[in-house]
Amino acid sequence: MRVLTKAFAGFLMLAAVATAADAKTLRTNVAGDPAMLDPITYSELVAGRVMRNVYEGFTDFTPDGKIVNVLAESWTALQGEDGFSFKLRKNVKFHSGRPFTAKDVKYTLEQLAAPDTKAGIGAGYVARIVGVADVKAGKTKELAGVKIVDDHTIEIRFTKPDVLFPIYPIWFMDSGIVADKGADWVRSVSAGTGPFKFKEWRRGAFVEIEANKDYWGTKPKIDGARFLVIPNGDTALAQYEAGELDVLDVQESTIRRVMRDKSKDKERQVVPRAQSRFLAMNPLVYAPFKDKRVREAISLTINREGMIKGFYDNAAFMLNGITTPGVAGYFADLPKPKYDPERAKKLLAEAGFPGGKGLPPIDISSTANFKDELTYYANELSRTLGMQVNVNVVERATFIRAMNAGEVAFFPWGWTSGYPDAMYYLEQMWHSKSPYNRGRWFNPKYDAFIDQATATVDDAKRFQLYRQAEMVYIEDFGAAPLPMVASVALIKPNVKGARATPFGFDRFVFAEIK
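The residue numbering used here restarts from 1 in each chain and proceeds along that chain's sequence as written. Confidence filtering applies because this is a predicted model: local features only for residues at pLDDT of at least 70, side-chain atom pairs given and counted only at 80 or more, and all residues used for totals across whole chains, interfaces and linings. Hydrogens and water molecules were not included; the side-chain quantities draw on all heavy atoms of the structure.

## Digging into the sheet that holds strand β7 (residues 153-157)
Item 1. Pairing between strands is defined by DSSP: at least two bridges between the two strands are required. A run of H or I in DSSP counts as a helix once it spans at least four residues, and a run of E counts as a strand once it spans at least two, with each numbered from the N terminus. Strand order in this open sheet of four strands is β4-β5-β7-β6, and the pairing throughout is antiparallel. In this open sheet, the two strands that pair with only one neighbour each are β4 (72-77) and β6 (146-150). Strand-to-strand twist across the sheet, computed as the mean angle between neighbouring axes with direction ignored, equals 20°.
Item 2. Contacts between helix α3 (residues 102-113) and the sheet are confined to β5 (83-88), β6 and β7, with β6 contributing the most and set at about 175° to the helix. Interaxial angles span 0 to 180 degrees and are taken between N-to-C directions of axes, which are lines fitted to C-alpha atoms, for helices over the stretch in contact. We call two residues contacting when some pair of their heavy atoms lies within 4.5 Å.

This is the structure in structure tokens:
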């Protein structure tokens, strides 16, 4: 009874928060608190939903994946050297009112390389800049490969070619923010140039951003946006139906219900999601996963077509390997994952575990969004292979920390593309040196293809290297590919310009409340 009472109290609190929002403040949902709100430590999806409205980089991309210039007006390759010279956009101001200059670009890059900043995804983007090793080692605070030519021109040199560097989502921050607001600045202000700026963050309740009236580009048509923390999909749907949300990001647990509700046909948006989904098998935590036959047996036990129909009412798509449709370097003709329970049993027996005998018990873990999937996998593996699999639902922030530390043995997860090129998936998810190789599958042949691809300028040749790397992953069963769940949204009729895209919701700068 205590649990039900707390849940109901939480619902009432969220409802009160939602109805208090101003009529011109767009209200939407997120599944949990963002793990961070600063561009240096940024590394997860919920934070990204908020932050891409607040921060900007050299470039961005449109809903259909086309690259557009943002804070870089142009760039050229350095003659005789590996690197680029960037011309920066003029007359851009940070939320503090300070002008955006090359000094801020250099500062951001150095913060991403610094040993004491706990840098997130961006740390990988600066890894090839000359001088990174010395900064990481604490020998210096300045990157030798970054040269300020003038306030709006900066040169960046690499130890080896990095052809995709201009499209990396490196979000630049105000170099004066720490001196102005202190080390804990993120709790009170934002340090970006984007169309919205930070207003308030009540942990467990909401994050609110407000329109940046001094924005250099198209001004927002709404006063702001409020991201309500609603972990439960049924609760989020109920709040949308009660008029307490303007835009609903439909959680996977309620996709089937929303897809079958004819009354929502005019409010529903469904688009393929640029998210690579997988069932990870960490061999460093669970020794049987070192055997390819065990990994293959588990993959063969998953009825993906059945999942697409049963779990998602066909609002999902088959994923053959790692890369999703709509990003450069995707190949539609890669071999499809098979469903073959009898072969799975045979392989497990060959690995020395007939009928699951001798396999230690294992937890299959993830967040509440994956609860139904976890139960399905556990049941199928027990029924088909005789494995003792326990379902373990973990609080989101705790789970992400454990995954990043390589402490989780067996888990389903997804990785959403941050820029429209397959390299985003291939390098970050499965390269042995990536801090986001959460499944800890390593293969030197895979690494070699990816390393070569990062230095290959010619698109066609680079894409073939992607293909070769992806085939290594597929044939070695680095993980079990899972169906790509569609991005399903409900948007009230009086809201215009809010769009679900394969890469997540478009920035709310285009949204309008009638």
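## Comments concerning the layout of surface pockets
Take a probe with the size of a water molecule and roll it over the atoms, and the empty space left behind shows itself.
Item 1. Site definitions follow a grid-based scheme: protein atoms alone, a 1 Å grid, a 1.4 Å probe that fits but cannot get out for cavities, and for pockets an open set with protein on both sides within 12 Å along at least five of seven lines, plus lining residues having an atom within 4 Å of a point. Grid points are joined across faces, edges and corners, and a volume is the space filled by probe spheres set on the points. In this model, the second largest pocket occupies a volume close to 420 Å³.
Item 2. What lines the second largest pocket is a set of 17 residues, among which A127, R128, E427, H431 and K433 lie closest to the centre.
Item 3. Counting residues per element, the ones that place at least two in the lining of the second largest pocket are α4 (122-125) and α14 (423-430).
Item 4. Three residue categories are used. Nonpolar comprises Ala, Val, Leu, Ile, Met, Phe, Trp, Tyr, Cys and Pro, charged comprises Asp, Glu, Lys and Arg, and polar comprises the others, including Gly. For the lining of the second largest pocket, the residue count by class is seven nonpolar, five polar and five charged.

## Focus on the nonpolar core
Item 1. Each nonpolar core is a collection of buried residues, namely Ala, Val, Leu, Ile, Met, Phe, Trp, Tyr and Cys, held together in the definition by side-chain atoms within 4.5 Å. The rule is simple: take the accessible area with a 1.4 Å probe, protein chains only, and divide by the maximum for that residue type; under 20% is buried, over 50% is exposed, in between is partly exposed. Grouped together as the largest cluster of nonpolar side chains are 145 residues, with contacts concentrated most on L109, I129, F165, I298, F410 and Y446.
Item 2. Of all the elements, helix α16 (residues 459-476) adds the most residues to this core, at eight residues.
Item 3. Excluding its chain neighbours within four sequence positions, the residues that come into contact with L109 are V126, I129, L143, V146, I156, F165 and I170.
Item 4. With 21 residues, the next largest nonpolar core counts L245, V250, I255 and V258 among its residues.

## Looking at a nonpolar patch on the surface
Item 1. Taken together, the side chains of L284, V285 and F442 present a nonpolar region at the surface, about 280 Å² in accessible area.
Item 2. The residue L284 is located in the loop between β13 (275-281) and α9 (292-300) in this model. Exposure above 30% relative accessible area and the absence of a salt bridge qualify a residue for a patch, where like charges join within 9 Å and nonpolar side chains (Val, Leu, Ile, Met, Phe, Trp, Tyr) within 5 Å. Note on areas: these come from Shrake-Rupley sampling with a 1.4 Å probe, and a residue is covered only by the protein chains present in the view. Salt bridges are defined by distance alone: a side-chain nitrogen of Lys or Arg within 4 Å of a carboxyl oxygen of Asp or Glu.

## Describing the side chain of T101
Item 1. Here T101 shows up in the loop between β5 and α3.
Item 2. When residues no more than four places from it in sequence are discounted, the contact partners of T101 are L88 and D151.

## Here we look at the pairing of β5
Item 1. For β5, a buried count of five out of six residues is recorded, marking the element as mostly surrounded by other parts of the structure.
Item 2. Two strands pair when backbone bridges link them, and β4 and β5 are joined in this way by five bridges, in the antiparallel orientation. The residue bridging A77 from the neighbouring strand is F84, located in β5.
Item 3. Where β4 hands over to β5, the hairpin turn is made up of five residues, of which G80 adopts a positive phi near 75°.
Item 4. In this sheet, β7 lies alongside β5 in antiparallel orientation, the contact comprising five bridges. From the neighbouring strand, S85 faces β7, where its bridge partner is E155.

## What to know about the sheet that holds β13
Item 1. With antiparallel pairing, three strands are arranged side by side in an open sheet as β17-β13-β18. Strands with a single pairing partner mark the edges of an open sheet, and in this sheet they are β17 (410-416) and β18 (480-481).
Item 2. Bridging between β13 and β17 involves seven bridges; their strand directions are antiparallel. Within β17, the residue paired with A280 across the bridge is F411.
Item 3. The sheet strands contacting helix α12 (residues 371-385) are β13 and β17, and the helix crosses β17 at an angle near 135°.
Item 4. Along the sheet face, α14 touches β13 and β17 and points at about 145° away from the line of β17.

Read these as layout, nothing more, since geometry by itself doesn't imply function.
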